[in-house]
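A look at the structure
Spelled out from the first residue to the last, the chains are:
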Amino acid sequence: MAGAFGAHGLRGLVSERGLEVFQTAVTYQMYHAIALVLVAVLSALGLPRKLLAWAAGFYLAGILLFSGSLYLLVLTEIRWIGPITPLGGVCFMVGWALLIASGINRNK
C-alpha cells in the first residue's frame, strides 16, 4: 500500500527526489518484511530461536527507524529526522548477521 500511495498519491505533491526517497523506504520495508517471513520459516525448521528472535527484532527496529524516518522526511520535511535513518540501516545489518549466525549455529 505504501508503494501505491507513493506512486500515485504523492506524485505532484513532493519532488522527484522525494518520490525516490519514499520508494527506497518502501523497498527496504518490503525486503525486511520478507526477511521476517524467512525468520518464521527458519524457526519452524529448527534453527536457534533465540538468535532468530533477535534478528526479527532488529529487522522490525530497522523498518521503523530506516523506512519510518524516510517516510517522515518525505511527508513532513522535518530535516532533523534524517540522521536516524542510518541507525535503521545498522539494525538491518545486525539482523542479517544474527540470521547468518543462527544458520551457522543450527547444529550446536
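The model shown is predicted, which means the values in this text are computed figures rather than measured ones.

Here we take up helix H4 (residues 85-104). Because an α-helix packs 3.6 residues into every turn, residues spaced three or four apart end up facing the same way. Look at H4: 29 Å from first C-alpha to last across 20 residues, which is about the 28 Å you get at 1.5 Å a residue. Taken as a whole, H4 has its buried residues at Thr85, Gly88, Gly89, Cys91, Phe92, Gly95, Leu98, Leu99, Ser102 and Gly103. The inward-facing, buried residues of H4 contact helix H2 (16-44) and helix H3 (49-76).

Among the secondary structure elements, serine 69 is positioned in helix H3. Within the structure, the side chain of serine 69 is placed 2.6 Å from the backbone oxygen of leucine 65, a separation counted as a polar contact. For serine 69, the side chain forms a polar contact with the main-chain oxygen of phenylalanine 66, separated by 3.0 Å. If we skip the residues at most four places from it in the chain, serine 69 touches Leu64, Ile81, Ile84 and Thr85.

Right, let's get into the pattern of salt bridges. Pairing is possible between side chains that carry opposite charge, provided their charged atoms lie close to one another. Per the counting criterion, the structure on display carries one salt bridge. Note that arginine 17 and glutamate 20 form a salt bridge whose closest N and O atoms lie 3.3 Å from each other. Separated by three residues within a single helix, arginine 17 and glutamate 20 lie in helix H2, roughly one turn from each other. Overall, the relative accessible area of 43% leaves glutamate 20 in the partly exposed class.

The next thing to look at is the environment of isoleucine 63. Mapped onto the elements, isoleucine 63 comes out in helix H3. Its relative accessible area of 14% is what places isoleucine 63 among the buried residues. Remark: the alpha-carbon pair of isoleucine 63 and phenylalanine 92, spanning 29 residues in sequence, is separated by 8.0 Å. With near-sequence residues (within four places) excluded, isoleucine 63 lies in contact with Gln29, His32, Ala33, Leu36, Gly68 and Phe92.

Now for the packing of aromatic side chains. Tallied over the full model, the rule gives seven aromatic pairs. Between the aromatic rings of tyrosine 28 and tyrosine 31, the centroid separation amounts to 6.1 Å while the plane-to-plane angle is 70°, which identifies the pairing as edge-to-face. Note that tyrosine 28 and tyrosine 31 are positioned in helix H2 at a spacing of three residues, about one turn of the helix. Tyrosine 28 gets classed as partly exposed once you look at its relative accessible area, which sits at 34%. In this structure an aromatic cluster arises from ring pairing among Tyr28, Tyr31, Phe66 and Phe92.

With respect to the element layout, threonine 85 can be found in helix H4. Assessed through its relative accessible area of 10%, threonine 85 is described here as buried. In contact with threonine 85, not counting residues within four places along its chain, are Leu65, Phe66, Ser69 and Leu70.

Each value, and the rule that gives it
- Residues numbered from 1 in each chain as written.
- Predicted model: local features only at pLDDT ≥ 70, side-chain atom pairs only at ≥ 80, totals over all residues.
- Heavy atoms only, no water.
- Helix = DSSP H or I, 4+ residues; strand = E, 2+ residues; numbered from the N terminus.
- Expected span 1.5 Å × (residues − 1).
- Buried < 20%, exposed > 50% of the residue type's maximum accessible area, 1.4 Å probe, protein only.
- Contact = heavy atoms within 4.5 Å.
- Polar contact = N/O pair within 3.5 Å; in protein donor to acceptor, adjacent residues only side chain to side chain.
- Salt bridge = Lys/Arg side-chain N within 4 Å of Asp/Glu carboxyl O.
- Phe/Tyr/Trp six-rings, centres within 6.5 Å; stacked < 30°, edge-to-face > 60°.

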